[in-house]
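Given next are the chains, with one letter for each unit.
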Amino acid sequence: MASPDTRQQKMSPTAARTLRSKRTGLRPARDEPAPQLLLASQLIFNIGFYAVVPFLAVTMRDDFGMGAMAIGIVLGARTFAQQGMFLFGGALADRWGARQSMITGCLVRITGFLLLAWAADFTLFLIGAVVTGIGGALFSPALQSLAGVAAERSSSKNADRAGSNAPGQNNRSSLFALLVICGEVGVVVGPLLGSFLLNTGFDTSLLAAAAVFTVMAVVFWLFLPKNAHTTKTPVELTGRVPPSDLWSCLKDKKFIGFAAFFSVNLVATNQLYFGLPVELERSGAGASSLALVFAYASVLTITLQWPIAGLMRKAGPRIALPLGFALQSLGFASLGVLAIFPPPNWLPILPALVLVTGTALGNMCVLPVAMGLVLEFAGGRPTGAYYGLLASAGGLAVVLGNTALAPLYELAYTPSATALAPWIFLSALGAITAAFIRLFIPTSSVHHSLRQDLHAAQGGATPQR
């Protein structure tokens, strides 16, 4: 008969910890946060953020008399600071641990909000906006990494129940789909709260947002495990498994290619802020319709993200990713055709709704799947830098894409044959991505082998059949 120690060696790490806890009478230490905390954090982050940032331009223009150039520089610098620093923020999360990175990010964003409340000139507005962006770059990759760890553990438990040693990659996107939904609810609620607070002054919105992030910093201090890691396997790995390396994502050519193609999704969704106002002016619907169109986009995401994520899990990434980018390409191409002709009198915003529908449906197909695939690329290494690189690649793509699109949008303000130029350009980007991104999807056989080594490195063994 096998000894108790021998039986424990054949157990999975989770089962072994449970057995030890039964022997000692102690609860096993929890080394990852509850998924509910991560979902609530995503919701509250977006409520605090969108209660402030959408009204920053209005305040700078109406209250301080600043021009479009100054406003554009401030908003652009904030976006670049956040997206451009995601890679470094993710690497810091891997080095410090997610808990410290998220708390630090909250404190930095609080500082940014207070600087904006104090600001009365361009310089302070610029510094405050950049600081808020850096705060987001610190906590967002850490949050995504913790979500990835939670999704991986859930997938591993399901695989253990099924008698398999390889977690199913198609089951990991559920938590990321819920993160998208919670984030979108925050996008809806935040501006409503901001509009209400704006009646008492923009400073009130900033102080309220600072208070929200203060509360979140305290919550993270109290409830995030001190040993929470951005990888499922905090132990040192040996054999064929690559060692933990903060910059290993930069050495992974396949992941760099994946990040480059996936960045087209952020370029596409960013057109809701850059290209959509152009289309609304062309159609005569005016900027007053912008809120209605954004509300439509939010309703689409909140109601359809979960069922679409379920369908994409069943389809697998080799179908989900090309399908999502093809939908975005189709949406842009359809708008390009509609832009040639005057808008319908019965619904002037119809072309804008076509744009939003294609972009949103495509994003719902690809985003949760891509977030789950990062775990496959990481192969057990810390994931913060991987998520950071994915976001930074998107930020760089938006800068380059919008620079190329700016002169094309000048041709799209009136119905004409030239009005299709920016939309055909975007459609071509989506079509190319749909055709080639599958070449950069990690092969399951390689990562199945990696996960067997990870299992062994953690003290487990391949189940005997």
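Residues numbered from 1 in each chain as written. Predicted model: local features only at pLDDT ≥ 70, side-chain atom pairs only at ≥ 80, totals over all residues. Heavy atoms only, no water.

A. Representation of the overall build of the protein. A count of helices and strands for the protein gives 18 helices and 0 strands. For the protein, buried positions account for 51% of its 465 residues. Contacts in the protein between residues far apart in sequence, at least 24 positions, make up 83% of those at least 6 positions apart. Total accessible area on the protein is roughly 20,400 Å²; 67% of this is exposed by carbon and sulfur atoms. (Helix = DSSP H or I, 4+ residues; strand = E, 2+ residues; numbered from the N terminus. Buried < 20%, exposed > 50% of the residue type's maximum accessible area, 1.4 Å probe, protein only. Contact = heavy atoms within 4.5 Å. Areas by Shrake-Rupley, 256 points an atom, 1.4 Å probe, with all protein chains shown as cover.)

B. Here's a closer look at the environment of Gly194. Relative to the assigned elements, Gly194 resides in helix H9 (residues 173–198). Here Gly194 falls in the buried class, since its relative accessible area comes to 0%. Placed 12 residues apart in sequence, Gly194 and Leu206 show a C-alpha to C-alpha distance of 9.2 Å. Look past the residues within four positions of Gly194 in its chain and what remains in contact with it is Ala51, Phe55 and Ser205.

C. Representation of the packing of aromatic side chains in the model. What the rule picks out here adds up to 17 aromatic pairs. On the basis of an interplanar angle of 10° and a centroid distance of 6.4 Å, the ring pair of Phe332 and Trp423 is categorised as stacked. With a gap of 91 residues between them, Phe332 in helix H14 (residues 317–339) and Trp423 in helix H17 (residues 421–436) connect regions that are remote in the sequence. Of the two residues, Phe332 and Trp423, neither departs from the other in class, the shared state being buried. Taken together through their ring pairs, the aromatic side chains of Phe255, Phe258, Phe262, Phe325, Phe377 and Tyr386 make up a single cluster. Directly above the aromatic system of Trp221 lies the positively charged group of Arg99, at a separation of 4.5 Å from the ring centroid. Directly above the aromatic system of Trp306 lies the positively charged group of Arg313, at a separation of 5.6 Å from the ring centroid. (Phe/Tyr/Trp six-rings, centres within 6.5 Å; stacked < 30°, edge-to-face > 60°. Lys NZ or Arg CZ within 6 Å of the ring centre and 35° of its normal.)

D. Local environment of a nonpolar patch on the surface. Among the surface-exposed residues, Met85, Phe88, Trp247 and Leu250 lie close enough to one another that they form a single nonpolar patch of about 360 Å² accessible area. By the element assignment, Met85 lies in the loop between helix H5 (68–84) and helix H6 (86–96). (Patch = residues over 30% accessible without salt bridge, like charges linked within 9 Å, V, L, I, M, F, W, Y side chains within 5 Å. Salt bridge = Lys/Arg side-chain N within 4 Å of Asp/Glu carboxyl O.)

E. How the structure looks around the packing of helix H11 (residues 253–274) against H17. It is the contact of H11 with H17, at a shortest axis distance of 9 Å, that shows an interaxial angle of 150°. Classified by the angle their axes make, H11 and H17 are roughly antiparallel. Taken as a pair, H11 and H17 cross one another with a handedness that is left-handed. For the pair H11 and H17, the contacting residues are Phe261, Val264, Val267 and Gln271 in the first and Leu426, Leu429, Gly430, Ile432, Thr433 and Phe436 in the second. Its residues placed into classes, the contact of H11 with H17 shows 7 nonpolar, 3 polar and no charged. (Axes fitted to C-alpha atoms, helices over the stretch in contact; angles between N-to-C directions. Parallel < 35°, antiparallel > 145°, perpendicular 65-115°, else oblique. Left-handed = near helix turned anticlockwise from the far one by under 90°. Nonpolar A, V, L, I, M, F, W, Y, C, P; charged D, E, K, R; others polar.)

F. Summary view of the pattern of salt bridges. Within this structure, the stated rule accounts for 2 salt bridges. Here Arg61 ties to Asp62 by a salt bridge, and the two come within 3.2 Å at their closest N and O atoms.

G. Representation of the nonpolar core. Residues Phe255, Phe258 and Phe262 are the most contacted members of the largest nonpolar core, which totals 79 residues. Sorting elements by how many residues they give to this core places helix H15 (residues 350–378) first, with 12 residues. Sequence-distant contacts of Phe262, that is, excluding residues within four places in its chain, are made with Phe325, Val366, Leu367, Ala370, Met371, Leu390 and Ile437. Counting residues in each nonpolar core, the second largest holds 25 residues, with Ala268, Leu276, Val278 and Val356 among its members. (Core = buried A, V, L, I, M, F, W, Y, C linked by side-chain atoms within 4.5 Å.)

H. Highlighting the environment of Ser145. Assignment of secondary structure puts Ser145 in helix H8 (residues 122–161). In this structure the side chain of Ser145 is engaged in a polar contact, spanning 3.2 Å, whose partner is the side chain of Thr383. (Polar contact = N/O pair within 3.5 Å; in protein donor to acceptor, adjacent residues only side chain to side chain.)

I. Representation of the side chain of Asn46 in the model. Within the secondary structure, Asn46 is located in helix H3 (residues 35–50). In this structure, Asn46 is in contact with Gly183, Glu184, Gly186 and Val187, ignoring residues within four places of it in sequence.

J. How the structure looks around the environment of Leu338. If you trace the backbone, Leu338 turns up in helix H14. The spacing of Leu338 and Val354 is 16 residues in sequence and 9.5 Å in space, taken between C-alpha atoms. Contact partners of Leu338, with chain neighbours within four places excluded, come to Arg282, Pro351 and Val354.

K. A look at the confidence of the model for the protein. Looking at the protein as a whole, the pLDDT averages 80, with 79% of positions reaching at least 70. By mean pLDDT, the top-scoring element of the protein is H17 (97), and the lowest-scoring one is helix H18 (residues 444–457) (44). Of the regions scoring below 50 in pLDDT, residues 4–29 engages in 23 contacts with residues more than four places distant in sequence or in other chains. Considering only residues more than four positions removed or in separate chains, one finds that residues 445–465, a stretch of pLDDT under 50, has 45 contacts. (pLDDT = per-residue confidence, 0-100.)

L. Local environment of H11. The end-to-end C-alpha separation of H11 is 31 Å, in line with the 32 Å expected for 22 residues at 1.5 Å each. The residue sitting at the N-terminus of H11 and contributing the capping side-chain oxygen is Asp252; that oxygen lies 3.2 Å from the backbone nitrogen of Lys254. (Expected span 1.5 Å × (residues − 1).)

M. Spatial organisation of the packing of H14 against H15. The contact between H14 and H15 brings their axes to 8 Å, and the two run at 165°. Judged by the angle between their axes, H14 and H15 are roughly antiparallel. Taken as a pair, H14 and H15 cross one another with a handedness that is left-handed. For the pair H14 and H15, the contacting residues are Pro317, Ala320, Leu321, Gly324, Phe325, Leu327, Gln328, Gly331, Phe332, Ser334, Leu335 and Leu338 in the first and Pro351, Val354, Leu355, Gly358, Thr359, Leu361, Gly362, Asn363, Cys365, Val366, Val369 and Leu373 in the second. Within the contact of H14 with H15, the residues separate by chemical class into 16 nonpolar, 8 polar and no charged.

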